[in-house]
Amino acid sequence: MTDAAPVAPAYVRELAQYVPGKSIEDVARDLHLDPKSIVKLASNENPRGPSPGVIQAIVAATAEATRYPDGNGFALKSVLSQRLSVDPAQIVLGNGSNDILELAAQAYLRPGDEAIYSAHAFAVYPLATRARGAIGVEVPARGFGHDLAQMRAAVTPQTRIVFVANPNNPTGTFVPAEELRAFIASVPSEILVVLDEAYNEYLDPADRCDSVDWIARHPNLLVSRTFSKAYGLAALRIGYGLMDAGVADMLNRVRQPFNVNALAQAAAIAALADADYVDKSRELNRAGLAQLAAGFAALGVVSLPSQGNFVLAKVGDAGTVYQRLLAQGVIVRPVANYGLPEWLRISVGLPDENVRFLKALAVALGR
Ligand SMILES: Cc1ncc(COP(=O)(O)O)c(C=O)c1O
């Protein structure tokens, strides 16, 4: 008789693993290409590399690598608290902002509860929801973006969380402040609204929402942000959530004691001190979006206006075009798993990387 294997609950067995963008190493190995010749525009990373100040802070922090990190992130929370005018007790640090999304789901969702999100919204919302045995309610998109009226209409007595990505990945769509604020005010106060602002720093400052200020009026609002994108620290895994202290208390109860490593905390503090890096990243991104948009237009390819550091382009048989780009050493992201089988998502690269991509795309499309 063979021993029985452990059985995960059905809601776990039914999950599909998150598929990340291919790494440069994967592609170099699979296609026997020189890693240096490969351009990766697949994971909405900052193409500039970390600033010298950040590298220094990381190296300095390695001296204490035998110690556990500060599980409460005192120093980083102090800087964020001053910067954002919130109490440190309103900040939860995460191993990436992904961790904040997971902690929110873990603290607030039980099996059978409902969480609402938009079609074509960030893939972690359904994953975090279903991993708790909760039910994901996907609301059809309007113009590729969030249809907030329909999302409000989808609220039921079982709803516990509503996820909103602003800007949204992968569509790059953006809901203006007034509309968003009215939506948050319309959601019953016992439902947690998770406003995911991973790409906030790429927005023109004039377009940003005062979302952090809304928390005082709406204690059911959680705003998540990250150091992975405009701050350029994706490898270190660090993000944060801003929320009412009572909500933060719940997330802290379910989080790992040392969920954010010491190098990441040190790097984040250094990154916050370097406003110039973020400003330059935003400028580079704006120029890159324009460069890509012009390139798509020249090739007769439809692309969506984007408020993020990436853009969606409609290429027809996206699976084939993706493979043809890979064969030329250019990695982008197919988004069929987002219900967009004809589209590819391209992260904005350095100017010469964007040129490499556009040339490869012309070849892939036979134009
Ligand atoms: C909308 C959105 N939210 C959250 C994340 C998670 O990023 P991280 O965990 O690196 O902070 C991403 C990453 O791509 C994203 O696109």
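How each quantity is defined
- Counting of residues starts from 1 at the beginning of each chain's written sequence and follows it residue by residue.
- Only residues with pLDDT of 70 or above have their local features reported here, since the model is predicted, and side-chain atom pairs are shown and tallied only from 80 upward, although totals for entire chains, interfaces and linings are computed over all residues.
- Side-chain metrics rest on all non-hydrogen atoms present in the structure, leaving aside hydrogens and water.
- Comment: elements are numbered from the N terminus, with helices defined as DSSP H or I runs of at least four residues and strands as E runs of at least two.
- It is over C-alpha atoms that the radius of gyration is taken, and the globule rule equals 2.2 Å times the number of residues to the power 0.38.
- When a residue's accessible area, from a 1.4 Å probe over protein chains only, is under 20% of the maximum for its type it is buried; when over 50% it is exposed; and in between it is partly exposed.
- We call two residues contacting when some pair of their heavy atoms lies within 4.5 Å.
- In short, Shrake-Rupley with a 1.4 Å probe defines the accessible areas, and a residue's cover is counted only from the protein chains shown.
- Think of it this way: Lys and Arg go in the positive column, Asp and Glu in the negative one, and His and the chain ends go nowhere.
- Every charge is mapped to an atom, namely NZ of Lys, CZ of Arg, CG of Asp or CD of Glu.
- Two strands qualify as a pair provided that DSSP identifies no fewer than 2 bridges between them.
- Residues are counted as near a molecule or strand when any one of their heavy atoms sits within 4 Å of it.
- Two N or O atoms form a polar contact when they lie within 3.5 Å of each other; inside protein one atom must be a possible hydrogen donor and the other a possible acceptor, and for residues adjacent in sequence the pair counts only when both atoms belong to side chains.
- Note on residue classes: Ala, Val, Leu, Ile, Met, Phe, Trp, Tyr, Cys and Pro are nonpolar, Asp, Glu, Lys and Arg are charged, and everything else, Gly too, is polar.

Peer 1: What should I look at first to understand the overall build of the chain in this one?
Peer 2: If you tally the helices and strands in the chain, you get 14 helices and 13 strands. In summary, the chain has a C-alpha radius of gyration of 21 Å against a globular reference of 21 Å for 367 residues, a match within 12%. Referenced to the eigenvectors of the C-alpha coordinate spread, the extents of the chain come out at roughly 65 × 55 × 50 Å. Classification of the 367 residues of the chain by burial places 51% in the buried group. Taking the contacts inside the chain whose residues are at least 6 apart along the sequence as the reference set, 74% of them involve residues at least 24 apart. On the chain, roughly 16,600 Å² of surface is accessible, and the fraction owed to carbon and sulfur atoms is 55%. If you average the places of the 33 positive and of the 36 negative side-chain charges in the chain, the two averages end up 3 Å apart.

Peer 1: Would you explain the sheet that holds strand S12 (residues 333-334) in this entry?
Peer 2: Remark on secondary structure: sheet strands pair via backbone hydrogen bonds, oriented parallel or antiparallel. Spatially, S9-S10-S13-S12 is the arrangement adopted by the 4 strands of the open sheet, whose pairing is antiparallel. Strands at the two margins of the open sheet, each flanked by one partner only, are strand S9 (302-303) and S12. Where strand S10 (residues 310-314) and strand S13 (residues 343-347) come together, 5 bridges link them in antiparallel fashion. Its bridge partner being in S13, Ala313 is matched across the sheet by Leu344.

Peer 1: I keep staring at unusual backbone geometry and nothing clicks. Help me out?
Peer 2: A negative phi angle is the norm for most residues apart from glycine, just as the trans form is the norm for most peptide bonds. Pro167 follows Asn166 through a cis peptide bond whose omega is -5°. Relative to the elements of secondary structure, Pro167 occurs in the loop between strand S5 (159-165) and helix H8 (177-186). A cis amide bond links Asn169 to the next residue, Pro170, at an omega of 15°. Mapped onto the elements of the fold, Pro170 is located in the loop between S5 and H8. Of note, His32 is a non-glycine position whose phi angle comes to about 50°, a positive value. Along the chain, the position of His32 falls in the loop between helix H2 (24-31) and strand S1 (39-40). The class of His32 is exposed, set by a relative accessible area of 73%. Unlike most non-glycine residues, Arg237 shows phi in positive territory, near 65°.

Peer 1: I'm lost on the site of the ligand in this one. Help?
Peer 2: Around the ligand sit Gly96, Ser97, Asn98, Phe122, Asn169, Asp196, Ala198, Tyr199, Thr226, Ser228, Lys229 and Arg237, and those are all the residues in its vicinity. Contact between the ligand and Asn169: an oxygen atom at 2.7 Å from a side-chain N or O atom of the residue. At 2.5 Å from a nitrogen atom of the ligand is found a side-chain nitrogen or oxygen belonging to Asp196. Taken by itself the ligand offers 400 Å² of open surface, and the protein chains cover 93% of this. Looking at the shell around the ligand residue by residue, the class counts come to 3 nonpolar, 6 polar and 3 charged.

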